[in-house]
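# Coordinate inspection notes
These are the residues of each chain, in order.
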Amino acid sequence: MNQYSDFAFVYDELMNEVDYDNWVKYIEDIIKNENVEVQNILELACGTGNLTIPLTKKNYDIAGIDISEEMLQVAREKGERENVELVLLEQDIVELDFDVTNLDCILCGCDGFNYITYDEDLEGVFSKCHELLKDNGIFIFDISSYYKLSKVLGNNMYGENRENVAYMWQNYFDDYENLVEMDLAFFVKGEDGRFDKFEENHLQRAYKNEEIIQLLKNAGFEYIKTYGDFKLEAPKEDSERVFFVCKK
């Protein structure tokens, strides 16, 4: 499946309205609320470094992992421009292989786990995270909620025309498999003023909260909290983003 290859180079432009600084603040609020000490972080599905770079600037020791070479290339270029030294590894997190143990924190932001579509694969990642964390280490991740993927994105089409890039985004939701298939066509303006067309196909799993919680318990986590929509309170039925907070 073609995901985050050509799209990597326009991802940040299309996501420029996302307040990543507030996202980082929210993560730090969770850490403070849970009364844990965090210095080192392993970030899974780090993408173009939109959380990695600001966290590094806050003097966390952070390593980022992503499956997309192109996304990591963009992250490295951004880090160089901002004079931030990044530790980035190209790896499929389903086959997570990380040598450092006793980690303070493992983080996966921006719905990275929705791309893992099989229960056994997601449980395997959770088990590896449990193994890598120190005692009382914290595991923080978010998902696009079942509500968002099934009701908001669902069988809908989106599009936008900007000065240098345009896109069309068609979604198909399978309510038997709980999968949303996203066909994305985008048009990028070149130096000659003409637009080049690129296409990608993305597949995400719509997980219900109780499904995630059971997989976390299977992986060994006993302390599990859920928050909704960047608030330190329980998610609602129509929360579009759900944060899971676990401690070993």
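Quick look at the structure, then.

About the cut-offs
- Residues numbered from 1 in each chain as written.
- Predicted model: local features only at pLDDT ≥ 70, side-chain atom pairs only at ≥ 80, totals over all residues.
- Heavy atoms only, no water.
- Helix = DSSP H or I, 4+ residues; strand = E, 2+ residues; numbered from the N terminus.
- Buried < 20%, exposed > 50% of the residue type's maximum accessible area, 1.4 Å probe, protein only.
- Core = buried A, V, L, I, M, F, W, Y, C linked by side-chain atoms within 4.5 Å.
- Contact = heavy atoms within 4.5 Å.
- Pairing = 2+ DSSP bridges.

### Examining the side chain of Q204
- If you trace the backbone, Q204 turns up in strand β9 (residues 195-205).
- Judged by its relative accessible area of 3%, Q204 is buried.

### Some points on the nonpolar core
- Residues L44, F113, F126, F139 and F141 are the most contacted members of the largest nonpolar core, which totals 30 residues.
- For this core, the secondary-structure elements that each account for two or more residues are β1 (40-44), β2 (61-66), β4 (103-108), α5 (119-132), β5 (133-144), α7 (209-218) and β11 (241-247).
- Per-element accounting of this core gives the leading share, five residues, to α5.
- Ignoring anything within four residues of it in the chain, the contact list for F141 reads C108, F113, F126, I212, L216, V242, F243, F244 and C246.
- Of all hydrophobic cores here, the second largest spans 23 residues; its members include Y20, Y26, Y60 and L107.

### Section: the pairing of strand β6 (residues 157-161)
- Counting buried residues along β6, only zero of its five residues qualify, which leaves the element largely exposed.
- With five bridges joining them, β6 and strand β7 (residues 165-174) adopt antiparallel strand pairing. Residue pairing for β7: G159 is matched across the bridge by M168.
- Joining the antiparallel neighbours β6 and β7 is a turn of three residues.

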